[in-house]
Amino acid sequence: MTQERGKLRGAKRELWLAWYVTVAFYGLYSVVFFALARAQPPGRPWLDPGQTVAWFADRHWGLLIGFGLIFVLGGFSAVALALITYSIRRMSVSPAYAYSYLILYAIAAIPGFMFICVAMTCGVMRPDLSPVTTQWLYDLGFLSFVGTMGVFLVGSLIWMVAILIDENGVLPRWFGYLSLVNALTEVVIAPSWIFQRGVLAYNGAIGFWVNVPVFGLYTVAFILLLRDFIRRDDLGTGPLPMPPPDVWGHAKRAVEAVGA
Amino acid sequence: MTAVDGLADDAAVGGDDAARRFPGDPDMWIFVVVESLVFTSYFCIYLYARTQHEQAFLAAQSALTMWVGILETILLLTSSWAIARCVQCTRAGSYAAARQFAFVTAGLGAAFFALKIAEWVHLIRDGYSFGSSDFMQHFFFLTGIHAAHLVIGFVALGVLVYELSDPRRRSHKTIETCSTYWHTVDLFWVVIFAMLYVVR
């Protein structure tokens, strides 16, 4: 009995390690892209070659240090992906869901995450390139980062279906529905390949600004729900000992507290 | 289907407080709320753009045919009525009738979708496209994203028919959840129709 508890604690420690790495990865990602490299929010798609060179010069050290950190630590995204994959494996669904999700996100991370780092680093480290080539790298970086969100679409849908048909109570059903919202906002980014200006461009009100809060809400939600899942997980195969958090109960108590 | 109907139904099966207040899966209402906020932001962006270029929007809007929009709205509102009847029949235990209403809903949805595609093709042949003006950019985007929601609605209807087909499944909760999704998509269309076709 004591030996079993010890094993459970050990295995849980590994899951907690993976969760803290996930938090650290998303924290690093936000700091690098928004504060250090200032590559988000995206630049204007209609900058001319001269303005693009100035854009790179203005962010020289931020891009170098920021994307340098991503090249060194970006691999930790694999740990975050592994934790999500484990959560799907813990569900009462076919392992095909977990493996499909794993493969899709592993492949999608190349255009959706790594291309911008390579293109921007190349742009900043090769000032001898012609301004037109620098402009091409700038566009490639942002179009690959924002415009390829669609490749994550199928992954979100796979996770959604797995959550909705799961009978082990690994993640709450509302998160399955939130995955659908996230998937649908990923669709609207596709027109950024067509438009250089306006609401659907890669820095546009619809193309970027509406999606950021949805993606932010979705990311914060799954990080917190994975923490809750690890707390409840008994590392077995059947239903989890405790049900997922009761969002309606929380809402009701909050309303009652405000009323009081 | 109304919240009051849901209340009566769930009270009968002894649901908890949350279930009594919401028809179908209460968690589905997270989708309804968040997706409504997303669409509201699309609508606000459209209205802001319209105030900036009112004359250009009015000129571009004249390319749309009002009766097509009205017909599309009638088709979708009738489909909403059909799915509400489907839920009512399910609650009454008339599963064969419920299935028929589900097929009527799917047929009306398919007719809407076909008409929408015909409208897009007609506009494109007349020289209007995604990039031809700011209004058309909004028009093709809003009607396109709505059509994407409708396609998912067909999947929800498939789940609904699957549930109704076998006496061992027939979960009222799932059927009400699919119905809630369909009503939500219809609601978005009513606002899109009012903004793009009616307000001139």
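Because the structure is predicted, anything quoted here is derived from the model rather than measured.

**Things to note about the overall build of chain B**
And then number 1: Helix and strand counts for chain B come out as 8 helices and 0 strands.
And then number 2: Element order for chain B, N to C, with α for helix and β for strand: α-α-α-α-α-α-α-α.
And then number 3: Across the 200 residues in chain B, those meeting the buried criterion constitute 50%.
And then number 4: Looking at chain B alone, contacts between residues at least 24 apart form 74% of all its contacts between residues at least 6 apart.
And then number 5: With the model as given, the accessible surface of chain B reaches about 8800 Å², and the carbon-plus-sulfur share is 67%.

**Quick look at the interface of chain A and chain B**
Reports of interface size often rely on the accessible area that becomes lost once the parts have come together.
And then number 1: With 25 residues of chain A at the contact, the number on the chain B side is 26 residues.
And then number 2: Counting the surface chain A buries against chain B, the share from its top three residues, Y177(A), L184(A) and W248(A), is 30%.
And then number 3: Our count for the chain A to chain B interface comes out at 1 salt bridge.
And then number 4: With its nearest N and O atoms 2.6 Å apart, the salt bridge here joins R173(A) to D25(B).
And then number 5: Of all elements in the fold, only α8 (173-187), α9 (205-209) and α11 (247-259) of chain A reach the threshold of two or more residues within the side of chain A that touches chain B.
And then number 6: The element that contributes the greatest number of residues to the side of chain A that touches chain B is α8(A), accounting for 9 residues.
And then number 7: The residue inventory of the side of chain A that touches chain B, partitioned by class, reads 20 nonpolar, 2 polar and 3 charged.

**Looking at the confidence of the model for chain B**
Residue and element names in this part refer to chain B.
And then number 1: For chain B, per-residue confidence averages 89 on the pLDDT scale, and 90% of positions sit at 70 or higher.
And then number 2: pLDDT under 50 marks residues 1-15. Its contacts with residues more than four places away, or in other chains, come to 27 contacts.
And then number 3: Across the whole predicted complex the pTM is 0.88, and at the interface the ipTM reaches 0.87.

**Describing the nonpolar core**
And then number 1: Judged by nonpolar contacts, the single largest core of 133 residues is most densely connected at F33(A), F67(A), W159(A), F175(A) and F139(B).
And then number 2: In contact with F67(A), other than residues within four places in its own chain, are V32(A), F33(A), A37(A), A39(A), G62(A), C117(A), M120(A) and T121(A).

**Observations concerning the packing of helix α7 (residues 134-165) of chain B against helix α8 (residues 172-198) of chain B**
All names here are of chain B.
And then number 1: Relative to each other, α7 and α8 sit at 160°, their axes nearing to 9 Å. By the angle class used here, α7 and α8 are roughly antiparallel. Between α7 and α8 the crossing geometry is left-handed.
And then number 2: Here the contact of α7 with α8 is composed, by residue class, of 22 nonpolar, 5 polar and 1 charged.

Definitions and limits used
- Residues numbered from 1 in each chain as written.
- Chains lettered and ligands numbered in written order.
- Predicted model: local features only at pLDDT ≥ 70, side-chain atom pairs only at ≥ 80, totals over all residues.
- Heavy atoms only, no water.
- Helix = DSSP H or I, 4+ residues; strand = E, 2+ residues; numbered from the N terminus.
- Buried < 20%, exposed > 50% of the residue type's maximum accessible area, 1.4 Å probe, protein only.
- Contact = heavy atoms within 4.5 Å.
- Areas by Shrake-Rupley, 256 points an atom, 1.4 Å probe, with all protein chains shown as cover.
- Buried area = accessible area lost by both parts, 1.4 Å probe.
- Salt bridge = Lys/Arg side-chain N within 4 Å of Asp/Glu carboxyl O.
- Nonpolar A, V, L, I, M, F, W, Y, C, P; charged D, E, K, R; others polar.
- pLDDT = per-residue confidence, 0-100.
- Core = buried A, V, L, I, M, F, W, Y, C linked by side-chain atoms within 4.5 Å.
- Axes fitted to C-alpha atoms, helices over the stretch in contact; angles between N-to-C directions.
- Parallel < 35°, antiparallel > 145°, perpendicular 65-115°, else oblique.
- Left-handed = near helix turned anticlockwise from the far one by under 90°.

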